[in-house]
There are 2 protein chains.
Amino acid sequence: MRTELCDRFGIEHPVFGFTPSEHVAAAISRAGGLGVLGCVRFNDPAELDAVLTWMDEHTDGKPYGVDVVMPAKIPTEGTAIDLDALIPAGHRDFVERTLQELGVPPLDEDAHGAGVLGWLHSVARSHVDVALQHPIKLIANALGSPPRDVIEQAHEHGIPVAALAGKAEHAQRHVANGVDIVVAQGYEAGGHTGEIASMVLVPEIVDAVDVPVLAAGGIGSGRQLAAALALGASGGWLGSYWLTTAEYAESVPASATQQALLAAGSSDTVRTRVYTGKPARLLKTRWTEAWSQPGAPEPLPMPLQNLLVADAHQRITRSGDPSVVSMPVGQIVGRMNEIRPVADVMSDLLREFDETLTRLDKLR
Amino acid sequence: MRTELCDRFGIEHPVFGFTPSEHVAAAISRAGGLGVLGCVRFNDPAELDAVLTWMDEHTDGKPYGVDVVMPAKIPTEGTAIDLDALIPAGHRDFVERTLQELGVPPLDEDAHGAGVLGWLHSVARSHVDVALQHPIKLIANALGSPPRDVIEQAHEHGIPVAALAGKAEHAQRHVANGVDIVVAQGYEAGGHTGEIASMVLVPEIVDAVDVPVLAAGGIGSGRQLAAALALGASGGWLGSYWLTTAEYAESVPASATQQALLAAGSSDTVRTRVYTGKPARLLKTRWTEAWSQPGAPEPLPMPLQNLLVADAHQRITRSGDPSVVSMPVGQIVGRMNEIRPVADVMSDLLREFDETLTRLDKLR
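Along each chain, numbering runs from 1 in the same order as the chain's sequence is written. Naming scheme: in the order in which they are written, chains are lettered from A and ligands are numbered from 1. Where totals are concerned, whole chains, interfaces and linings use all residues; where local detail is concerned, this predicted model gives features only for residues with pLDDT of at least 70, and gives and counts side-chain atom pairs only at 80 or more. Here the side-chain values reflect all heavy atoms present in the structure, with hydrogen atoms and water set aside.

### Observations regarding the packing of aromatic side chains
Working definition: a ring pair exists when centres of Phe, Tyr or Trp rings (six-membered ring for Trp) sit within 6.5 Å. Plane angles under 30 degrees give stacked, over 60 give edge-to-face, the rest tilted. Applying the stated criterion across every chain, the model contains 9 aromatic pairs over all chains. Measuring from ring centre to ring centre gives 5.5 Å for phenylalanine 9 of chain B and phenylalanine 16 of chain B, while their planes differ by 85°; the resulting arrangement is edge-to-face. The same class applies to phenylalanine 9 of chain B and to phenylalanine 16 of chain B, which are both buried. Through a chain of ring-to-ring contacts, the aromatic side chains of Phe94, Trp287 and Trp291 of chain A assemble into a single cluster. Either the NZ atom of lysine or the CZ atom of arginine qualifies as a charge over a ring when it sits within 6 Å of the ring centre and within 35 degrees of the ring normal. Looking at arginine 281 of chain B, its charged tip hangs above the ring of tyrosine 187 of chain B, at a distance of 4.4 Å from the centre. For each residue, the accessible area found with a 1.4 Å probe, counting protein chains only, is set against the maximum for its type, and the residue is called buried under 20%, exposed over 50%, and partly exposed in between.

Shown next as structure tokens:
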């Protein structure tokens with residue numbers, strides 16, 4: 001399977017793999033796709049720099065990219081301490097009470113973190129600055145078009161910019177801002193997502209813009225990848241599907257999360273604002289359900305909601321209880337039923353893609 | 001494009017077209033697909049009988065089917081008058097107040113109808129009895145598996161039964177009950193629909209059952225039909241897409257509805273219980289929005305909700321105001337931008353399907 005994007009990026013297969021794990025990202029690139037490392041978790045630019053150096057050493061010279069989280073308009077900004085003051089006490093009380101009810105133990109005194117600051121504009125900018133010092137081949141932005149000067153900065157380094165879009169008009173705006181590739185992210189996708197499903201969204205965006213489109217949402221098999229290409233996409237953008245790879249387990253020793261993902265069906269996700277303040281699809285657990293009970297507060301806007309739940313996420317992770325995990329994942333989770341190496345996932349995708357084309361050809 | 005279903009039904013193309021209009025259904029069958037006439041609107045079995053006789057005379061001997069609305073478990077039953085007593089006064093007041101606020105005029109004294117009784121089990125059964133007196137080739141049930149004795153009744157006449165499913169476990173239950181074909185109805189579809197999008201749902205159901213699967217939801221182009229077949233479906237089930245055909249205009253002189261559909265984009269739908277009491281995707285209008293305002297009551301269960309809004313639907317239709325129409329339609333409405341004959345819609349679907357397969361073949 002080769003599309004225009006294979007030549008453009010020097011990759012064998014038009015499979016773009018978004019992942020927070022450098023082990024997964026490097027393995028995707030080594031397997032002939034384009035591994036795209038999510039940067040939002042790096043509060044300290046030096047830490048990102050070290051991880052990208054590791055990527056440079058473990059990708060066998062194959063191309064890779066990075067993903068940042070940067071709104072086009074600069075949002076509420078400030079240090080974690082400034083922002084903390086904006087979080088209502090009632091919200092904090094609800095989180096504390098809920099965790100107690102769910103049986104999630106408190107953190108040790110010294111374990112409190114700063115939360116994820118990658119949602120802050122200044123931090124996301126530092127990610128771009130650091131990434132451009134490495135031989136990256138793509139900068140993707142999870143929140144759509146980055147500010148124009150960031151796009152220009154990338155282009156000066158010869159690096160194309162991809163932006164996620166959940167509506168055709170957003171895709172058009174991104175392209176008008178200078179974005180080179182649109183990731184059409186359907187309703188069924190994990191993480192930040194809109195309301196239009198991939199079957200409708202992908203051809204709509206393909207028809208609306210004159211740049212290549214990647215299909216995101218609901219892809220975890222060769223049939224789904226073939227469907228995405230049938231819809232007009234130039235490749236697939238897979239995120240959730242790598243969360244049950246052996247390399248993810250290596251990178252994030254969160255066996256409770258993988259255990260919960262392996263057990264979940266396609267109905268076990270929910271689109272909710274509780275993770276970041278913007279609608280994002282998560283695994284449906286006792287934690288997400290608590291936020292939809294009567295009396296639960298409305299989630300706060302980005303970036304406050306993520307700061308509010310940052311300690312809760314740490315507590316949940318340490319609790320090791322699969323029934324309370326807080327994890328972005330798409331409806332494809334129903335097809336994530338075993339832990340496998342990235343290389344096996346990739347070869348299965350390609351084999352079934354080929355079988356699908358053979359099957360379709362016989363229908364003519 | 002030929003699948004096993006073409007031979008089974010004696011049709012040229014595996015395109016199944018659900019529609020409440022006999023003009024559309026007959027035109028779909030004449031164009032080589034299988035027209036499936038929705039029966040829910042026929043309160044009087046004699047009226048359905050007359051319309052099916054018209055179908056027999058206008059399908060040039062081509063096969064067609066019918067669609068009934070029949071839950072497997074027999075629900076609240078009774079005459080319209082019995083059921084009326086179960087509708088709370090507060091709900092009636094809300095409907096009346098809302099219509100006034102929306103500027104929808106009252107009906108003439110003699111125009112009040114009985115509401116749509118096809119949701120009632122006894123009425124749906126009469127539809128099956130009548131339809132089996134005609135040379136129908138398929139009975140489909142919009143609410144999943146019909147009761148076993150109805151399936152047996154159809155099979156005694158040699159007629160296969162199709163059932164809509166929004167989850168793999170529902171599809172498995174339908175097949176265990178004797179259903180012959182599953183219609184996998186994705187989140188993006190119009191009318192009654194679940195939460196799992198077609199991209200994920202179709203292969204999940206294909207893998208879960210050993211009968212042919214039709215893909216419903218999000219299909220209005222050859223690319224989408226090719227995607228559905230790539231996902232493993234044996235054909236497409238299209239409903240919404242016929243609402244902007246010339247034949248639909250002929251059957252239902254509701255120009256306000258078609259006007260509203262032509263103007264709507266893929267974001268202009270909403271999944272809500274206000275139409276029947278079960279979640280169904282409708283065009284988002286001032287009417288549906290009124291039900292999500294603070295203070296609006298929760299919709300009633302099926303079949304009460306439809307009885308509650310029956311007069312309102314008549315008033316809305318007569319008002320001729322596109323901004324208040326109450327109409328089931330899928331996200332594909334964004335691609336419904338002109339009034340065209342069914343034959344043109346069909347030939348465009350087939351042409352683009354073929355182009356898509358040619359394009360995919362070149363990627364190998």
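### Comments concerning the relation of the copies chain A and chain B
Copies of the same chain, two in number, are related to each other by a rotation about an axis and a translation along it. Here the copies were fitted onto each other by least squares, based on C-alpha atoms from residues at pLDDT of at least 70 in both. Least-squares fitting of chain A to chain B yields an RMSD of 0.0 Å, with the transformation described by 0.0 Å of translation along the axis and a rotation of 180°. Such values leave the two copies arranged in the relation of a two-fold axis. Every residue of chain A has its C-alpha some distance from the rotation axis, and the shortest such distance is that of alanine 227 of chain A, at 2.0 Å. A shared interface surface links the copies, since 100% of the contact residues of chain A are contact residues in chain B too. Residues are treated as being in contact if the distance between any of their heavy atoms lies within 4.5 Å.

### Side note on the interface of chain A and chain B
Of the residues lining the interface, 42 residues belong to chain A; the matching set on chain B comes to 42 residues. Buried area is a sum: the accessible area each of two parts loses on coming together, probed at 1.4 Å, counted once for each and added. Across the interface of chain A and chain B, roughly 3700 Å² is buried in total on both sides, 56% from carbon and sulfur atoms. Note on definitions: salt bridges are taken to be side-chain nitrogens of Lys or Arg within 4 Å of carboxyl oxygens of Asp or Glu. Counting the contacts that link chain A with chain B gives 6 salt bridges. One salt bridge connects aspartate 354 of chain B with arginine 364 of chain A, and the closest N-O pair in it is separated by 3.7 Å. Definition of a polar contact: a pair of N or O atoms within 3.5 Å, with one able to donate and the other able to accept a hydrogen when the atoms are protein atoms, and with sequence-neighbouring residues admitted only if both atoms are side-chain atoms. Our enumeration of links across chain A and chain B arrives at 22 residue pairs in polar contact (both at pLDDT 80 or more). Sorting the residues of the side of chain A that touches chain B by element identifies α9 (198–208), α10 (222–230) and α15 (342–361) of chain A as the ones contributing at least two each. The nonpolar class holds Ala, Val, Leu, Ile, Met, Phe, Trp, Tyr, Cys and Pro. Asp, Glu, Lys and Arg form the charged class, and all remaining residues, Gly among them, are polar. When grouped by side-chain class, the residues that make up the side of chain A that touches chain B number 18 nonpolar, 12 polar and 12 charged. Each helix corresponds to a stretch of at least 4 residues labelled H or I by DSSP, and each strand to a stretch of at least 2 residues labelled E; elements are numbered beginning at the N terminus.

### Side note on the nonpolar core
In this structure, Ile205 and Trp242 of chain A together with Ile205 and Trp242 of chain B are the most contacted members of the largest nonpolar core, which totals 110 residues. Once you skip the residues sitting within four places of it in the chain, tryptophan 242 of chain B turns out to touch Val15, Gly17, Phe18, Val24, Ile28, Tyr248, Val342, Val345 and Met346 of chain B. We call a set of buried residues a nonpolar core when its members are Ala, Val, Leu, Ile, Met, Phe, Trp, Tyr or Cys and they connect through side-chain atoms within 4.5 Å of each other.

### Quick look at the pattern of salt bridges
Residues and elements named next belong to chain B. The full count for this structure, using the stated rule, is 33 salt bridges over all chains. Across the pair glutamate 298 and arginine 273 runs a salt bridge, and its minimum N-O distance is 3.5 Å. Remark: arginine 273 occurs in the loop between β10 (269–272) and β11 (280–283) and glutamate 298 occurs in the loop between α13 (286–290) and α14 (304–319); sequence separation between them is 25 residues. Two residues, arginine 364 and aspartate 361, come together in a salt bridge whose shortest N-O distance is 3.5 Å.

### So, the packing of helix α10 (residues 222–230) of chain B against helix α15 (residues 342–361) of chain B
The relative placement of two packed helices comes down to the angle between their axes together with the axis-to-axis distance. Residues and elements named next belong to chain B. Axis definition: a line fitted to C-alpha atoms, over the contacting stretch in the case of helices. Angles run 0 to 180 degrees between N-to-C directions. Where α10 meets α15, the axes come as close as 7 Å, and the angle between the chain directions of the two elements is 60°. Comparing the axis directions of α10 and α15 gives the class oblique. Two packed elements cross with a definite hand, and for α10 against α15 that hand is right-handed. Of the residues in α15, those in contact with Gly222, Arg223, Leu225, Ala226 and Leu229 of α10 are Leu349, Glu352, Phe353, Thr356, Leu357 and Arg359. Its residues assigned to classes, the contact of α10 with α15 comprises 6 nonpolar, 2 polar and 3 charged. Any angle from 65 to 115 degrees is called roughly perpendicular, while one under 35 is roughly parallel, one over 145 is roughly antiparallel, and all others are oblique. The hand of a helix crossing depends on one turn: near helix anticlockwise from the far one by less than a right angle means left-handed, and clockwise means right-handed.

### Some details on the pairing of strand β9 (residues 235–238) of chain A
Residue and element names in this part refer to chain A. The side-chain alternation of β9 yields two buried faces, one formed by Gly235 and Trp237 and the other by Gly236 and Leu238. Here 3 bridges tie strand β1 (residues 15–19) to β9, and the two strands are oriented parallel to one another. Looking across to β9, one finds that valine 15 is bridged to glycine 236. Across 3 bridges, the pairing between strand β8 (residues 213–216) and β9 is parallel. Residue pairing across strands places leucine 214 opposite glycine 235, the latter belonging to β9. When the strands point away from the viewer and the path from the first strand over the helix to the second turns clockwise, the crossover is right-handed. Handedness of the crossover joining β8 and β9 through α10: right-handed. Paired strands, as defined in this entry, are two strands with at least two bridges between them according to DSSP.

### Quick word on the sheet that holds strand β7 (residues 191–192) of chain B
Residues and elements named next belong to chain B. Pairing in this open sheet of 3 strands is antiparallel, and the strands run β7-β11-β10 from one edge to the other. A strand with exactly one partner marks an edge of an open sheet, and here the two such strands are β7 and β10. Sheet topology note: the β10/β11 ladder contains 4 bridges and is antiparallel. Bridging from a neighbouring strand, arginine 271 pairs with arginine 281 of β11.

### Comments concerning helix α7 (residues 148–156) of chain B
All names here are of chain B. Within the sequence span of α7, burial applies to Val150, Ile151 and Ala154. Along the axis of α7, the buried positions cluster into a sector of 100°, meaning they face one direction only. Considering only its buried residues, α7 is in contact with α6 (121–131), β4 (139–141) and β5 (161–165). Looking at the residues trailing α7, positive phi occurs at glycine 158, about 75°. When we speak of the arc, we mean the arc of directions from the helix axis to the C-beta atoms.

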